[in-house]
Structure formats: C-alpha cells, structure tokens
Amino acid sequence: MNEIFIYASIIFIILIIACIIRLILGPTNADRMLALDVINILVVIAMILLSVGFRQVIILDVAIVYALLSFVGTLYVAKLITGDLK
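Residues numbered from 1 in each chain as written. Predicted model: local features only at pLDDT ≥ 70, side-chain atom pairs only at ≥ 80, totals over all residues. Heavy atoms only, no water.

J.: How would you explain the overall build of the chain if you had to name every residue and give the values?
T.: Of the regular secondary structure elements, the chain holds three helices and zero strands. Seen in sequence order, the chain has helices and strands lined up from the N terminus as α-α-α. Dimensions of the chain along its principal axes, counting C-alpha atoms only, are 50 × 25 × 10 Å. Relative to its 86 residues, the chain shows a buried fraction of 19%. Taking contacts inside the chain between residues at least 6 apart in sequence as the whole, the part at least 24 apart equals 47%. Across the chain, the centroid of the 5 positively charged side chains sits 8 Å from that of the 5 negatively charged ones. (Helix = DSSP H or I, 4+ residues; strand = E, 2+ residues; numbered from the N terminus. Buried < 20%, exposed > 50% of the residue type's maximum accessible area, 1.4 Å probe, protein only. Contact = heavy atoms within 4.5 Å. Lys, Arg positive; Asp, Glu negative; His and termini not counted. Charge placed at Lys NZ, Arg CZ, Asp CG, Glu CD.)

J.: Could you give an account of the environment of Val 65, naming the residues involved and the relevant values?
T.: Structurally, the position occupied by Val 65 is in helix α3 (residues 57–82). Taking the C-alpha atoms as reference points, Val 65 and Leu 23, 42 residues apart in sequence, are found 23 Å from one another.

J.: Can you explain the environment of Ile 48? Please cite residues and give values.
T.: Take Ile 48: it is sitting in helix α2 (residues 29–54). Separated by 33 residues in sequence, Ile 48 and Leu 15 have C-alpha atoms that sit 16 Å apart.

J.: For a nonpolar patch on the surface, give the residues involved together with the corresponding values.
T.: Where nonpolar side chains cluster on the molecular surface, the patch consists of Ile 13, Ile 17, Ile 20, Ile 21, Ile 24 and Leu 25 and spans about 580 Å² of accessible area. Of note, Ile 24 is situated in helix α1 (residues 2–25). Judged by relative accessible area, Ile 24 falls into the exposed class, the value being 59%. (Patch = residues over 30% accessible without salt bridge, like charges linked within 9 Å, V, L, I, M, F, W, Y side chains within 5 Å. Areas by Shrake-Rupley, 256 points an atom, 1.4 Å probe, with all protein chains shown as cover. Salt bridge = Lys/Arg side-chain N within 4 Å of Asp/Glu carboxyl O.)

What follows is the structure, encoded as structure tokens:
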C-alpha cells in the first residue's frame, strides 16, 4: 500500500520537471509566476504523499509551512509584477 504513495510522488516530481521547463521558457512574467505557483503546489502534494507513505508526521508539518511561505511569496511577486511594490 505504501508503494502507491511513492509512485504517485514520482509522478508529481515528473510534473514538477515539466513546470520547470515552462518556468524557463515562459514568454511573459505571468506565465513564469503561474509555473512557479504550480511547482509550489506540486511540491506540497508530493510532500504530503511522502508523509503518508513513510508515516512521518514531521514531513506534513514541513509541507504546511512550505505552503504558507509559498502563498506569501506568490503575493509578493504578484505585487511586484503589477507595480504596486516600490
């Protein structure tokens, strides 16, 4: 049963690599910001799956903190792109 979570995490890691390619090749800043936000979401999902797969609660705590920090980072970059941040 634990192997299912690990295989699912591997699939999400492959999706993260695809988003990194979009982050590098994105023609506009909005595309790059969206790719970075999707990467952050996929990392949190992979961490949660690994937490369940390995039965380690500490990984879940790290995933929650990472999600909160990535949300604040997304807000900061959005303000930077729109020009509201001086």
